[in-house]
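Chain and residue survey
Okay, here's what each chain looks like letter by letter:
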Amino acid sequence: MTRPWILRLQPDPHRAADPVTPPAALAGTSGVLGAGPVQWAAQAGEAIAGEILEQVPEHGGGRGPVTTLRRSTESAVLAALHLLVADAPRRITALTGETREGCREFARRGIPLDLVLRGVRLGHARLAHELAATVDEHVPAGRRLTELRQVNDLLFAYADAHASMMAEEYIAERDRWRGSDEAARRALVDDVLAGRPVDARAAARRLHYDTSRTHLAAVLWCDGTGTDGARPAAERLHRAATALARALTATGMLLIPAHTSTAWAWFSVADEDSAGLAAHLRHTLDRPEGVRVAIGPPAPGVPGMRRSHLSALQAERIAHLGRSGEWLWDHREVRLAALATADPEHAHWFVQDVLGPLASDGDRVRDLRETLRTYLAADRSLRTAAELLHVARNTVTYRVRRAEELLPAATTAGNPLELRLALELARHLPA
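This report concerns the structure included in the present document. (Residues numbered from 1 in each chain as written. Predicted model: local features only at pLDDT ≥ 70, side-chain atom pairs only at ≥ 80, totals over all residues. Heavy atoms only, no water.)

**A word on the overall build of the protein**
A count of helices and strands for the protein gives 18 helices and six strands. Expressed as lengths along the three principal axes of its C-alpha atoms, the size of the protein is roughly 75 × 60 × 35 Å. Counting across all 431 residues of the protein, residues that qualify as buried make up 46%. In the protein, the share of contacts with a sequence separation of at least 24, taken over all contacts with a separation of at least 6, comes to 75%. Looking at charge distribution, the protein has the averaged site of its 53 positive side-chain charges lying 2 Å from that of its 53 negative ones. (Helix = DSSP H or I, 4+ residues; strand = E, 2+ residues; numbered from the N terminus. Buried < 20%, exposed > 50% of the residue type's maximum accessible area, 1.4 Å probe, protein only. Contact = heavy atoms within 4.5 Å. Lys, Arg positive; Asp, Glu negative; His and termini not counted. Charge placed at Lys NZ, Arg CZ, Asp CG, Glu CD.)

And the structure:
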């Protein structure tokens, strides 16, 4: 083995980052490199993705694209480690599947090739920096300079081949995509979502969907759970969207792939009344295997397609903020939290300032918070709160008293609206 120090790589305990590559795909890599180097690669891949997003923000655009970028950078780091640990130098003859998917997504999103390649250069520079630090740590002083030169030579050759193959993959996908009906439909949807003028009749013909109706938008994404993971993501998303359409008794459905594991949907619904809609869907539908859904409010016409979709995106954002296992997120239910967490960091500070010790983590404190929230929402009715929480009235009394004891004095004497808002936000923000 040329570089046994590669196998001694260990993750930084202060930079927690779990691999985003599916466990099945990691099985072979873990067998060759071991758990420590794989976890190190996950951290390096996250750091590389973060630097690329900071320098080339066009690579971002939401949770899905960022996850794709992280998978691509993580797979590139793992491929580099395989190259460095090999007994004999190897040529890179193919991109990883994750990197190919990243190239295809860049092409479909219209990100210019020069920005794609700039991201590649930034990524390899950061990887060289990360590996140089490990050489200093694991290689004896007398051999470090030689080792660094050899590592840099191999990484340079890898980066050159990697960039060339990415450019080829990108150009092939761009040319295929530009001539496809899918691209024309996505471009039209992008115009709608950007608020640009759109001819409703022409849009209906292109999309095969009546844009003049009342629309309910949904964002659907695969969450990597469940036994249905063997099915292709596109099939799982389509099955979930079709089930939603049936439950909504929709007269039309438009489904647009937004990302490898995300789809945008619009459903033609009867009217704009969405009260009780989420409860109806939860009661009517079985939880889609491995798929989660965020919905916006029904709204009419082309502007309604945009409004409902943007609201669904906000509900999706709230879904990703917290740790709830809920599968359906309705904008009506979380719109206050969505509005108040537009800046998540300031929202955290607000919750900590208002709730004090009551903002801490742990099941017991969460029960106290939820009881106080329910009690205040029920106009301080012990009976109603007990019914909603399915506990005894004495339990509500005890929990409310304990919760109030944990609140800062300034909160108990201050604005009750701030307290209710902080309790609502604490349900969605991670501790």
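Anyway, onward from the coordinates.
**Some points on the packing of helix H14 (residues 363-377) against helix H16 (residues 393-406)**
Contact pair H14 / H16: the axes reach a minimum separation of 8 Å and the direction vectors enclose 105 degrees. In this view, H14 runs roughly perpendicular relative to H16, as classed from their interaxial angle. For the pair formed by H14 and H16, the contact residues are Arg364, Asp367, Leu368, Thr371, Leu372 and Tyr375 on the first element and Val396, Tyr398, Arg399, Val400, Arg402, Ala403, Glu404 and Leu406 on the second. (Axes fitted to C-alpha atoms, helices over the stretch in contact; angles between N-to-C directions. Parallel < 35°, antiparallel > 145°, perpendicular 65-115°, else oblique.)

**Some details on the side chain of Glu424**
Mapping Glu424 onto the fold places it in helix H18 (residues 416-426). A relative accessible area of 13% places Glu424 in the buried class. Side-chain polar atoms of Glu424 contact the side chain of Arg373, separated by 3.5 Å. For Glu424, the side chain forms a polar contact with the side chain of Arg427, separated by 3.2 Å. Discounting chain neighbours no more than four positions away, the residues touching Glu424 are Leu336 and Arg373. (Polar contact = N/O pair within 3.5 Å; in protein donor to acceptor, adjacent residues only side chain to side chain.)

**What to know about the environment of Ala204**
You can see Ala204 is positioned in helix H8 (residues 200-207). Considering only alpha carbons, one finds Ala204 and Pro112, 92 residues apart in sequence, at a separation of 29 Å. Once residues lying within four places of it in the same chain are set aside, the contact partners of Ala204 are Tyr209, Asp210 and Thr211.

**Points about empty space enclosed by the protein**
Going through the model one piece at a time under the given rule, you end up with two cavities of 30 Å³ or more. Quantified by volume, the largest cavity comes out at close to 220 Å³. Taken together, 20 residues line the largest cavity, and the ones lying closest to its centre are Ile52, Thr73, Gly119, Val120 and His162. At the level of secondary structure, the elements contributing two or more residues to the lining of the largest cavity comprise helix H2 (35-55), helix H3 (63-85), helix H4 (97-108), helix H5 (113-138) and helix H6 (141-178). Ranked by residues supplied to the lining of the largest cavity, first place goes to H5 with six residues. Among the residues making up the lining of the largest cavity, the classes are represented as 11 nonpolar, nine polar and no charged. (1 Å grid on protein atoms, 1.4 Å probe; cavity = no way out; pocket = protein on both sides within 12 Å on 5 of 7 lines; lining within 4 Å. Points joined across faces, edges and corners; volume = space filled by probe spheres on them. Nonpolar A, V, L, I, M, F, W, Y, C, P; charged D, E, K, R; others polar.)

**Concerning the nonpolar core**
Counting residues in hydrophobic clusters, the biggest one holds 51 residues, and the most contacted among them are Val189, Leu254, Trp266, Leu355, Leu358 and Leu372. It is helix H11 (residues 301-321) that contributes the most residues to this core, seven residues altogether. Not counting residues up to four positions away in its chain, the partners in contact with Val189 are Leu207, Leu254, Ile256, Trp264 and Trp266. Ranked by size, the runner-up nonpolar core spans 42 residues in total, among them Val38, Leu95, Ala107 and Tyr170. (Core = buried A, V, L, I, M, F, W, Y, C linked by side-chain atoms within 4.5 Å.)

**A short note on the pairing of strand S3 (residues 262-269)**
Sheet faces and side chains relate simply in a regular strand, where the side chains alternate between the two faces. Within S3, eight of the eight residues are buried, leaving the element largely enclosed by the surrounding structure. The alternating pattern of S3 places Thr262, Trp264, Trp266 and Ser268 and Ala263, Ala265, Phe267 and Val269 on opposite faces, both of which are buried. Strand direction decides the pairing type here: strand S1 (residues 214-222) and S3, joined by eight bridges, are antiparallel. Directly across from Leu216, in S3, lies its bridge partner Phe267. Strand direction decides the pairing type here: strand S2 (residues 252-259) and S3, joined by seven bridges, are antiparallel. Directly across from His259, in S3, lies its bridge partner Thr262. The antiparallel hairpin formed by S2 and S3 contains two residues in its connecting segment. (Pairing = 2+ DSSP bridges.)

**Concerning the environment of Cys103**
Tracing the chain through its elements places Cys103 in helix H4. Taking relative accessible area as the criterion, Cys103 reaches 0% and is therefore assigned buried. For the pair Cys103 and Leu69, spaced 34 residues apart in the sequence, the C-alpha separation amounts to 9.6 Å. Dropping the residues within four chain positions of it, Cys103 is found in contact with Leu95, Met166, Glu169 and Tyr170.

**Examining unusual backbone geometry**
For His208, which is not glycine, the phi torsion reads 55 degrees and is therefore positive. Tracing the chain through its elements places His208 in the loop between H8 and S1. Look at His208 and you get exposed, because its relative accessible area is 63%. The backbone of Thr249 sits at a positive phi, close to 50 degrees, despite the residue not being glycine. Structurally, Thr249 is set in the loop between helix H9 (233-247) and S2.

**Focus: the pattern of salt bridges**
Going through the model one piece at a time under the given rule, you end up with 25 salt bridges. A salt bridge links Glu424 to Arg427, with the shortest nitrogen-to-oxygen separation between them at 3.2 Å. For Arg427, a relative accessible area of 44% puts it in the partly exposed group. (Salt bridge = Lys/Arg side-chain N within 4 Å of Asp/Glu carboxyl O.)

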